[in-house]
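# Structural description and commentary
This is what each chain is made of:
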Amino acid sequence: MKPTQPDSQGHFGDYGGMFVPETLMEPLNELTRIYKEARKDPEFKKELQYYLREYVGRPTPLYFAERMSAELGTKIYLKREDLCHTGAHKINNSMGQILLAKRMGKKRIIAETGAGQHGVATATVCAMFGMECVVYMGKVDMERQALNVFRMESLGAKVVPVTVGQQTLKEAVNEAMRDWVTHIRSTHYILGSALGSHPYPMMVRDFQSVIGTEARKQILKAEGRLPTAIVACVGGGSNSIGLFHPFIKDEGVRMIGVEAGGFGIEGGMHAARFAQDKIGILQGTKTYVLQDDDGQIALTHSISAGLDYAAVGPEHSLLRDLGRAEYSYVTDEQAVNGFDKLSQWEGILPALESSHAIAWMIENSAQFTESDLVIVNVSGRGDKDVMQLAEWKRKNQG
Ligand SMILES: *Cc1c(COP(=O)(O)O)cnc(C)c1O
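A brief structural summary. The model shown is predicted, which means the values in this text are computed figures rather than measured ones. Residue numbering note: each chain is counted from 1, following its sequence as written. For this predicted model, a pLDDT threshold of at least 70 governs which residues receive local features, and a threshold of 80 or more governs which side-chain atom pairs are given and counted, while totals over whole chains, interfaces and linings are taken from all residues. Based on all heavy atoms of the structure, the side-chain values leave hydrogens and waters out of the count.

## Here we look at the overall build of the protein chain
The condition is simple: By the criteria applied, helices consist of DSSP H or I runs no shorter than four residues and strands consist of E runs no shorter than two, each listed in order from the N terminus. It is over C-alpha atoms that the radius of gyration is taken, and the globule rule equals 2.2 Å times the number of residues to the power 0.38. For the exposure calls, accessible area comes from a 1.4 Å probe over protein chains only, and a residue counts as buried if that area is under 20% of its type's maximum, exposed if over 50%, partly exposed in between. Should any heavy atoms of two residues lie within 4.5 Å, those residues are considered in contact. Each accessible area is a Shrake-Rupley result for a 1.4 Å probe, and residues are judged covered by the shown protein chains and nothing else. We treat Lys and Arg as the positive residues and Asp and Glu as the negative residues; His and chain ends play no part in the count. Charge positions come from single atoms, namely NZ of Lys, CZ of Arg, CG of Asp or CD of Glu.
Broken down by element type, the protein chain carries 15 helices and 14 strands. For 398 residues, the compact-globule formula gives about 21 Å, and the C-alpha radius of gyration of the protein chain, at 19 Å, lands near that figure. By residue count, 60% of the 398 residues in the protein chain fall in the buried class. Look at the contacts in the protein chain between residues 6 or more apart in sequence, and 74% of them connect residues 24 or more apart. Accessible surface computed for the protein chain: about 15,800 Å², of which carbon and sulfur atoms make up 51%. Of the charged side chains in the protein chain, 44 are positive and 48 negative; the average position of the first set lies 6 Å away from that of the second.

## Brief notes about the site of the ligand
The condition that has to hold: Whether a residue is near a molecule or strand is decided by its heavy atoms; if any one of them lies within 4 Å of it, the residue is near. Polar contacts here mean pairs of N or O atoms no more than 3.5 Å apart (in protein, one a potential hydrogen donor and the other a potential acceptor; neighbouring residues in sequence count only if both atoms are side-chain atoms). Classification convention: Asp, Glu, Lys, Arg as charged; Ala, Val, Leu, Ile, Met, Phe, Trp, Tyr, Cys, Pro as nonpolar; all other residues, Gly among them, as polar.
Residues in contact with the ligand amount to 17 residues; listed here are only the nearest, K90, S193, G235, S238 and S379. The side chain of H89 places a nitrogen or oxygen atom 3.0 Å from an oxygen atom of the ligand. In the model, an oxygen atom of the ligand is placed 2.8 Å from a nitrogen or oxygen of the K90 side chain. If the ligand stood free it would expose 380 Å²; the protein chains cover 96% of that surface. For the shell around the ligand, the residue count by class is four nonpolar, 11 polar and two charged.

## Re the pattern of salt bridges
For clarity, the threshold we go by: Each reported salt bridge corresponds to a side-chain nitrogen of Lys or Arg within 4 Å of a carboxyl oxygen of Asp or Glu.
Under the counting rule described, the total for this entry stands at 29 salt bridges. A salt bridge links E132 to R108, with the nearest nitrogen and oxygen atoms 3.6 Å apart. One end of the pair, E132, is in strand β6 (residues 132-138); the other, R108, is in strand β5 (residues 108-113), with 24 residues separating them in the sequence. In this structure E132 comes out as partly exposed when scored by relative accessible area, which is 46%. The closest approach of N and O atoms between D141 and R144, which form a salt bridge, is 2.6 Å. Taken together, the residues span about one helical turn, with D141 and R144 both in helix α6 (residues 139-144) at a distance of three residues. With a relative accessible area of 2%, D141 lands in the buried category. According to the relative accessible area criterion, R144 is partly exposed, its value standing at 45%. The network of salt bridges with shared partners includes R39, R205, D206 and E315.

## What about the packing of aromatic side chains?
Definition in use: Pairing of aromatic rings covers Phe, Tyr and Trp, the last through its six-membered ring, and needs centres within 6.5 Å; plane angles under 30 degrees mean stacked, over 60 mean edge-to-face, and all others mean tilted.
What the rule picks out here adds up to 11 aromatic pairs. Measuring from centroid to centroid gives 5.3 Å for Y51 and F129, while their planes differ by 80°, and the two rings are edge-to-face. Remark: F129 occurs in helix α5 (residues 117-129) and Y51 occurs in helix α2 (residues 42-56); sequence separation between them is 78 residues. A ring pair is formed by W180 and Y189, whose centres lie 5.9 Å apart and whose planes are at 70°; its orientation type is edge-to-face. Residue W180 is classed as buried on the basis of its relative accessible area of 3%. Counting every residue linked through ring pairs, the aromatic cluster contains Y15, F274, Y288 and Y327.

## Quick look at a nonpolar patch on the surface
Put simply, the rule is: To count toward a patch, a residue needs a relative accessible area over 30% and no salt bridge; like charges are then connected within 9 Å, while nonpolar side chains (Val, Leu, Ile, Met, Phe, Trp, Tyr) are connected within 5 Å.
Together, L349, V386 and M387 give the surface a local cluster of nonpolar side chains, amounting to about 290 Å² of exposed area. By the element assignment, M387 lies in helix α15 (residues 386-396).

## Overview of the packing of α2 against helix α4 (residues 90-104)
As a reminder, the rule being used: Axes here refer to lines fitted to C-alpha atoms; in helices the fit is confined to the stretch in contact. Angles between the N-to-C directions go from 0 to 180 degrees. Convention used here: angles under 35 degrees read as roughly parallel, angles over 145 as roughly antiparallel, angles from 65 to 115 as roughly perpendicular, and any remaining angle as oblique. In this scheme, a crossing is called left-handed if the near helix is turned counterclockwise away from the far one by less than a right angle; it is called right-handed if the turn is clockwise.
Between α2 and α4, the least distance of the axes is 10 Å, while the angle of their chain directions is 135°. The angle between the axes of α2 and α4 places the two elements in the oblique class. In the packing of α2 onto α4, the handedness of the crossing is right-handed. Counted together, F44, E47, L48, Y51, L52, Y55 and V56 of α2 and I91, N92, M95, G96, L99, L100, K102 and R103 of α4 form the full contact between these two elements. Across the contact of α2 with α4, the residue classes break down as 10 nonpolar, two polar and three charged.

## Some points on the sheet that holds strand β3 (residues 62-64)
Working definition: the strands of a sheet are paired by backbone hydrogen bonds and lie parallel or antiparallel to each other. The condition that has to hold: For two strands to count as paired, DSSP must find a minimum of two bridges between them.
Spatially, the six strands line up as an open sheet ordered β3-β4-β14-β9-β10-β13, and their pairing is mixed. If you trace the sheet from one side to the other, it starts and ends with β3 and β13 (325-330), each paired once. Taking each pair of neighbouring strands and ignoring which way they run, the sheet shows an average axis angle of 25°. Examined bridge by bridge, strand β9 (residues 229-233) and strand β10 (residues 254-260) share five bridges and lie parallel to one another. Pairing of A229 across the sheet is with R254, part of β10.

What follows is the structure, given as structure tokens:
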């Protein structure tokens, strides 16, 4: 299959598009135009590669997980996005977009953040390039992720608490869009996942595809063949689409996306968009969206703030309908087990988000044999999550 590409209006099959107020159409079209120019410009590519190498620390290793492989009976490699500067893959995208903002002559950056990782990555690149940075964050998330709030403020960013609705990510995105409409001339909005209106799903995917491009080269060098399967967690869908995209044409490679199963699917306390069959429009894009019986956006739950969102990136919806990628979920409890196992087998504390991909591998290892080869993406490191994990364990394991 050819790699999926959106049409000029950003449609991935039936999904995606530009469902935004009239006032945002022009800036989004302008962003699309400038991005497409930049993508072809060797100078832009060179500059991005320079900062990814010298500042972010790319390429990240593809590490052969010896003990995990022995325990699970198949050969497993870990793509180490946790080793990126600031501790997660998010900075691949923030770096790309800040260079674009510079090219557009914008001096002010806004962003939304849930767990705070995208806010930290964006505050970091703003400090590097001396740009003003405003990050919108739900008040509930600010309390849950106080450490990341402190990091952003130390980096010189202004963190604005959002106090409407559930006071989490969805509301923070609304506030960021509202800010953007009123400051369109001076401001670029660095959206943090492969979500929202065109061109973001395509552009964020392109910036994150460095993950899959590196991994593909690295596995061919290490093993002389392509992997049997590649596995990543799916929040908005950026680390997963970044890993998947360079493998879409390799039909023999299974691509597995792991969503947040929360307390399990039955009670509705989860963020597994593909476990339900409902399509809707949320924050600029048409895609699978968790909804109640009246079509209202459902409340979501996950132990991991980065996976706790009602919609999924539109390209994933297309890949799922085409059957090219498979989507599954693991529960909070299985994710915590994934965190413990990877920590103890490999000396790597994965983010709670990434722990979902690890947990899927543990729960499904019987699907693979010794001759198989699997890449699991470790999208971020777990230091940010240790307080929350300690509390979870106190409550649930006595
Ligand atoms: C934000 C985040 C995610 C989820 O976002 P995607 O866009 O789905 O990648 C996953 N892992 C980590 C470490 C994150 O910070």
